[in-house]
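# Understanding the architecture of this molecule
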Amino acid sequence: MAGALTALQWLVTCGFVVVGILSVIDWVRHRGQRRAYLASAIGLLGLVSLTSRLNVAIGYRFASLTTPVVLILFMASGYALLMFRGTFIPLRPRTRAVVAVLAGATTAFFLLVAPPPGTVQMSGAQSIALLALIVVWSGMVGEPVVRFWLASRGRPAVQRGRLRVLAAGFAAIIFILVVAGAGGNRLGAMRSVQIGFQVLALLSIPLIYASLAPPSWLKRFWREPDEAAFRRAVRELLLFSSDRETLARRALEWGLRTVGAEGGAIVDESKVLAIRGIEPELASTLVSAVSSTMHARVVRLDREWQNAVVVPLPLDSGRGAVVALSNAFMPLFGSDEVARLEEFGTLITAGLDRVRITERMAELERTKSQFLNLASHELRTPLSVIRGYLAMLEAGSLDAASPAGRGAISILSAKALEMNMLIEQMLDAARLEEGRLVLKPELLDPVAAVRSAVEVVRPLLGVRHQLVIDSSADPVGISADRERLGTILVNLIDNAVKYSPDGGEVRCSVRAQDGRVLIAVQDVGVGIASADLSHLFIKFSRLSNDQTGHVTGTGLGLYLCRELARQQGGDIMVDSTPGRGSTFTLTLPLAAATEERSTPRIPLTVLEATG
Amino acid sequence: MTEETAAADPRIVLVEDDSTIASMYSYQFEQDGHTVWTATDGEAGLQLTRDVMPDIVFLDVRLPKLDGFEVLARLREDPKTAALPVVILSNYGSDEMRKRGLELGAQDYLVKARVTPIELASRIWSWVSA
């Protein structure tokens, strides 16, 4: 029995020494004040255990020397644990001083009245000194134990586990000390109690070790209860988040929780989608660490006890990343956290892409119904005139032979034409969209094209507008699709009329310059603010303000015109002064540039001189 | 018919910015013996209605300066014109627009392409006497 007890005592001592050495190694490798305190607390405890064991083994031969040393080391280890706790929840300097004085005083008092080694019966003063010692030590260690236990609540699973085993390990040591101290030598004399203490002490070793460096199976075990909730939450956030920011915010929350990170961010190619507990500058610096890799990376930070995991997200919209910053109690991330975050990153990528597609679909849906609304309005306007006049002619309330009736008939044909133009425009836009717009280029005279466009628009004009064709230049040829050139010109002239509600001149001029033909349509209307010029040619983006809000249109016209021009090697430029009018210039390459053989030589120099 | 002959011919204000449509409706209304005033923007339409105090207003929605809904809201705010029959004539046929117009106090919301001037003229009494 005695042999077994001694063996057990040595086992405990070895255990404490090993954990002590491991904690010191941990500190040497990672440094930092916090680790230094923990290494001191555990390392000193190992040293105390070893010294006392040796003391017993050599029969207290140097007790007068070793006892004070053991005692001081023991108290110092308790104080170090309190300091360790102070790095989480700072202690007031006064509290720290009071505790230090108290620890020093009780140590001194005990040494003063210390019984000679081997004494069985202690005097009253000696008992009080021992009790004071135990109370102070238990206080120094017990307070952090309770603190850690309390702080563990609401923490991520792994952190919670680590704080709890640390608290449990030290609580076991306090328990042994308090019970042994209170029970005095009577309890100490009972072998079974002694063995019980040793077993308890033995158990506290792996607890303290696990808090220091938990193996991944233990982390998995700790996480287990969280795991179900995690999976449910992830499933929900991936499937049902309404927008990318919401998804990113919730995903970040769970990502940080699952690896026990202090802060982090989820970023898109150019945008921070979610961020928490980390400065945006640091986040973007960290993200750049994975700019050229598909794999997760662990980045060491300047703050020595901290590192970060950065996981690239190969998003549909470009590269993104998840960043997780290690926190004070879980100073450095290991391969377990990296693997988990990488796995999570795949889910986030899928989720963000899913929301993006949904958002894009919704946007398309909105654009579509907006277009249908506009288009139906545009088609109904000429249709209401056609139906109205036809009904009146039919019912005889309007006589076809009367001047009013003849006027109505010419309006009818103009409105039918307008409807046809609108329909052609919509069809061309659809063809363009699907890439099946086929152009049939032929050699055309631009002046003749302008003339026929003017004739198309003329019936739509009121009396307030004058259409002027200015073509002083020599005849030139262009190669273009006759119908589409007509579409462009009619649109430009029609716009010029629509956006000059007070009437005035609409001037169409044709000239050649640098191998190109320039057809300008100039009005003296409301003009366009320079800020609006950039979205003039964007599909469905109709400019709307006090002066133009009532003007009808599908928002397709200029988009279609520019696309049609570009498909034929040309372009449309705009020059406008608000309140003074706009000039839209269609440029197309001269036919000579593309069909040198079949067209006559064009005297460009002369044209430039006169133009 | 007795009703029609008994009362004076309803006097109409038509607010419509498309001159073709405006002259088409005017022609039919005048054929039926009504007196018609037309305005081509919202502000002018509001002023004209206050000046003339017609029996009914036909109001377009998309108008320069002041849109039809705004014109209607202002007519309803003014005690003098609050009870004036107003019929919206627009080519916007969405339910939201219709709902908005009726909530603002229009007697009816009609889509121009769905109703001919003859039909409109024949229904004038139903709005005026209502």
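The structure we're discussing is the one just above.
Just so it is clear, the model here is predicted, and its values are computed rather than measured.

### Here we look at the overall build of chain B
Each helix and strand in chain B was counted, giving six helices and five strands. Buried positions account for 55% of the 130 residues belonging to chain B. In chain B, the share of contacts with a sequence separation of at least 24, taken over all contacts with a separation of at least 6, comes to 61%. If you sum the accessible surface of chain B, you get close to 5800 Å²; carbon and sulfur atoms cover 48% of it.

### Some details on the packing of aromatic side chains
For the structure on display, the rule yields eight aromatic pairs over all chains. With 5.5 Å between their ring centres and 50 degrees between their planes, A:Phe230 and A:Phe344 make a pair best called tilted. In this pair, A:Phe230 sits in helix 8 (residues 216–240) while A:Phe344 sits in helix 11 (residues 335–395), placing the two residues 114 residues apart along the sequence. A ring pair is formed by B:Phe29 and B:Phe58, whose centres lie 5.3 Å apart and whose planes are at 20 degrees; its orientation type is stacked. Of the two residues, B:Phe29 sits in helix 2 (residues 19–31) while B:Phe58 sits in strand 3 (residues 56–59), which places them 29 residues apart along the sequence. An aromatic cluster is built from B:Tyr25, B:Phe29, B:Phe58 and B:Trp127, whose rings are joined through pairwise contacts. When the ring centre of A:Phe230 is taken as origin, the NZ or CZ atom of A:Arg340, which lies over that ring, is 5.7 Å away. The side chain of A:Arg562 reaches across the aromatic face of A:Phe537, ending 3.7 Å from its centre.

### A look at helix 5 (residues 124–152) of chain A
Taking 1.5 Å as the rise per residue, helix 5 of chain A with 29 residues should run 42 Å; its terminal C-alpha atoms sit 41 Å apart, in good agreement. Considering bend angle alone, the principal kink of helix 5 of chain A is centred on A:Gly139 and spans about 25 degrees.

Thresholds, definitions, all that
- Residues numbered from 1 in each chain as written.
- Chains lettered and ligands numbered in written order.
- Predicted model: local features only at pLDDT ≥ 70, side-chain atom pairs only at ≥ 80, totals over all residues.
- Heavy atoms only, no water.
- Helix = DSSP H or I, 4+ residues; strand = E, 2+ residues; numbered from the N terminus.
- Buried < 20%, exposed > 50% of the residue type's maximum accessible area, 1.4 Å probe, protein only.
- Contact = heavy atoms within 4.5 Å.
- Areas by Shrake-Rupley, 256 points an atom, 1.4 Å probe, with all protein chains shown as cover.
- Phe/Tyr/Trp six-rings, centres within 6.5 Å; stacked < 30°, edge-to-face > 60°.
- Lys NZ or Arg CZ within 6 Å of the ring centre and 35° of its normal.
- Expected span 1.5 Å × (residues − 1).
- Bend = angle between axes of the 7 residues up to and from the residue.

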